[in-house]
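# Topology and contacts: notes
This is what each chain is made of:
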Amino acid sequence: MPANTANAGYRGVWVFIEQVGGEVAPVSWELLGAGRQLAGALGVELAGVLLGQGVAGLADGAWVYGADKVYLVENPVLAHYRTAPYARALVQLVKQYQPEILLLGATSLGRDLAGAVATALGTGLTADCTSLTIDPETRLLEQTRPAFGGNVMATILCRRHRPQMATVRPRVMPMPSRQEGRRGELVRLDMAFNEAEARAEVIEVIEEKNKAVYLDRAEIIVAGGRGVGSKENLRLLEELAGVLGGTLGASRAAVEAGWLPPEYQVGQTGVTVRPKIYFAIGISGAIQHLVGMQGADVIVAVNNDPQAPIFKIATYGIVGDLREVVPALTAEFRRRLAPGPA
Ligand SMILES: Cc1cc2nc3c(=O)[nH]c(=O)nc-3n(C[C@H](O)[C@H](O)[C@H](O)COP(=O)(O)OP(=O)(O)OC[C@H]3O[C@@H](n4cnc5c(N)ncnc54)[C@H](O)[C@@H]3O)c2cc1C
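These figures come from a predicted structure and were not determined experimentally. (Residues numbered from 1 in each chain as written. Predicted model: local features only at pLDDT ≥ 70, side-chain atom pairs only at ≥ 80, totals over all residues. Heavy atoms only, no water.)

### Looking at the domain arrangement of the protein
By the assigned domains, the protein splits into domain 1 (13-198) and domain 2 (211-337). Taking only C-alpha atoms into account, the centre of domain 1 sits 32 Å from that of domain 2. The interface is formed by 10 residues belonging to domain 1 together with 12 residues belonging to domain 2. At the junction of domain 1 with domain 2, the criterion picks out 0 salt bridges. Where domain 1 touches domain 2, the interface holds 6 residue pairs in polar contact (both at pLDDT 80 or more). Its residues assigned to classes, the side of domain 1 that touches domain 2 shows 5 nonpolar, 3 polar and 2 charged. (Domains from an automatic or database assignment. Contact = heavy atoms within 4.5 Å. Salt bridge = Lys/Arg side-chain N within 4 Å of Asp/Glu carboxyl O. Polar contact = N/O pair within 3.5 Å; in protein donor to acceptor, adjacent residues only side chain to side chain. Nonpolar A, V, L, I, M, F, W, Y, C, P; charged D, E, K, R; others polar.)

### Details of the nonpolar core
Of all hydrophobic cores here, the largest spans 36 residues; its most connected members are V13, L32, L50, L103 and L132. Looking at this core, the elements that each hand over two or more residues are β1 (13-17), α1 (26-42), β4 (46-52), α2 (59-64), β5 (69-74), β6 (101-105), β8 (131-134) and β11 (164-168). With 8 residues, the top contributor of residues to this core is α1. Setting aside residues up to four positions removed in sequence, L103 forms contacts with W14, V15, F16, L31, G35, L38, L132 and A166. (Core = buried A, V, L, I, M, F, W, Y, C linked by side-chain atoms within 4.5 Å. Buried < 20%, exposed > 50% of the residue type's maximum accessible area, 1.4 Å probe, protein only. Helix = DSSP H or I, 4+ residues; strand = E, 2+ residues; numbered from the N terminus.)

### With respect to the site of the ligand
Taken together, 26 residues surround the ligand, and among them R226, S251, T269, S284 and Q288 come closest. Take Q288: an N or O atom from its side chain is 2.7 Å from an oxygen atom of the ligand. Starting from 990 Å² of accessible surface for the ligand in isolation, the protein chains cover 77%. Judged by the fraction of its atoms near the pocket grid, the ligand is located in the second largest pocket. Elements that contribute at least two residues to the shell around the ligand include exactly α7 (252-256), α8 (287-290) and α10 (322-337). (Near = heavy atom within 4 Å. Areas by Shrake-Rupley, 256 points an atom, 1.4 Å probe, with all protein chains shown as cover. 1 Å grid on protein atoms, 1.4 Å probe; cavity = no way out; pocket = protein on both sides within 12 Å on 5 of 7 lines; lining within 4 Å. Sits in = over half its atoms within 2 Å of the grid points.)

### Quick look at the pattern of salt bridges
Under the counting rule described, the total for this entry stands at 17 salt bridges. E256 serves as the salt-bridge partner of R252, at 3.3 Å between the closest nitrogen and oxygen. Taken as a pair, R252 and E256 lie in helix α7 at a separation of 4 residues, close to a single helical turn. A residue is classified by how much of its surface remains accessible, and R252, at 45% relative accessible area, is partly exposed. Judged by its relative accessible area of 61%, E256 falls in the exposed class. Residues participating in the shared-partner salt-bridge network are R36, D68 and R182.

### Topic: the environment of E180
Here E180 shows up in the loop between β11 and β12 (185-189). Here E180 falls in the exposed class, since its relative accessible area comes to 58%. Of note is the side chain of E180, whose polar atom sits 2.6 Å from the side chain of R178.

### With respect to the packing of helix α3 (residues 83-97) against helix α4 (residues 108-121)
A pair of packed helices is captured by two measures, namely the crossing angle of their axes and the spacing between those axes. Here α3 crosses α4 at 50 degrees, and the two axes come no closer than 9 Å. Here α3 is positioned oblique relative to α4, judged by the angle of their axes. For the pair α3 and α4, the crossing hand works out as right-handed. For the pair α3 and α4, the contacting residues are T83, Y86, A87, L90, V91, V94 and K95 in the first and D112, L113, A116, V117, A120 and L121 in the second. Split by residue class, the contact of α3 with α4 holds 10 nonpolar, 1 polar and 2 charged. (Axes fitted to C-alpha atoms, helices over the stretch in contact; angles between N-to-C directions. Parallel < 35°, antiparallel > 145°, perpendicular 65-115°, else oblique. Left-handed = near helix turned anticlockwise from the far one by under 90°.)

### Focus on unusual backbone geometry
Across the junction of R162 and P163, the peptide omega takes the value -5 degrees, indicating a cis bond. Along the chain, P163 turns up in the loop between β10 (152-156) and β11. One non-glycine residue, Q98, adopts positive backbone phi at about 50 degrees. Topologically, Q98 is positioned in the loop between α3 and β6. Taking the relative accessible area as the measure of exposure, Q98 reaches 27% and is therefore partly exposed. The backbone of R139 shows a phi angle near 65 degrees, a positive value even though the residue is not glycine. By secondary structure assignment, the location of R139 is in the loop between β8 and β9 (141-147).

This is the structure:
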């Protein structure tokens, strides 16, 4: 395996801008926000990498979210994502321009591409990071992620190989604010591709019928845990979510009980969410659940056990039986949110 240990010449922070059908995955902008801070700490440039066909216009988004530069490779072979040509394009760009850090979203596309690129380059990759910082002494990227079922936070370094690669899940990093009117430099590169090297053929793109609930974009989440007790009681949470225009969520215990399908699961092995308000109802606050929702702006916990760990991170806590508390909250919100004089 090639090992690029001569890392002295490597400079700059790169973010892979993931697009599917001309739509950028929001995690790419979140990573530009994180990348901006890393680039600032290192005193280097922040660049985006855009691969596809007819996607040059997407660079506008990269400027407003903080990129100084965008490397763009357009080719019909790149129109749909396929591992081989995407990996080759990214590997070639890295070899040519030598960034010290390369970040990708931990989406299914990003996970696939990151593994292929890291092995081709013979460098280190940390998956599912929850925090990225720079050690000012060594200039190394400190890549922190949960390990051992979330009981330990491990900080991983890639001392000698470049680039230092990491993936980050959607919604773990905050969305940066838009800087309207900001522009950067577009570096357009020609690369030769042929269809045969793609080794995979996209025959049809089928839209998911039951589009998953988009928990990671929900602004208000009403999540239930084992304490909900039954599918019947879930109706109480549904009513609260309905009044607030929120989305239901679940702990793993609630999913395992069969009260909600797996795509509703919040946490380490579920979705990471960052809503404005997160209601944790009958959820104890196990670390594997917390890592998926502690980025919420406001956390409201309802639990009959005053010792439940969820109260340690809750903004507002209500100790009580959810069968009484939730209907009372629903009624009060309904009254206050009703149109007309309060
Ligand atoms: C590798 C690994 C990955 C995992 N990934 C995830 C994950 O992604 N997401 C996740 O959620 N978990 C995950 N878990 C499981 C996690 O460790 C916990 O077991 C789980 O989060 C517990 O769910 P809970 O809080 O709903 O249930 P419990 O821990 O049983 O808590 C139920 C709570 O409800 C309260 N309660 C009971 N009755 C009432 C009532 N009538 N009114 C009010 N409150 C009441 C109780 O006081 C209690 O605090 C993972 C575990 C491992 C080992």
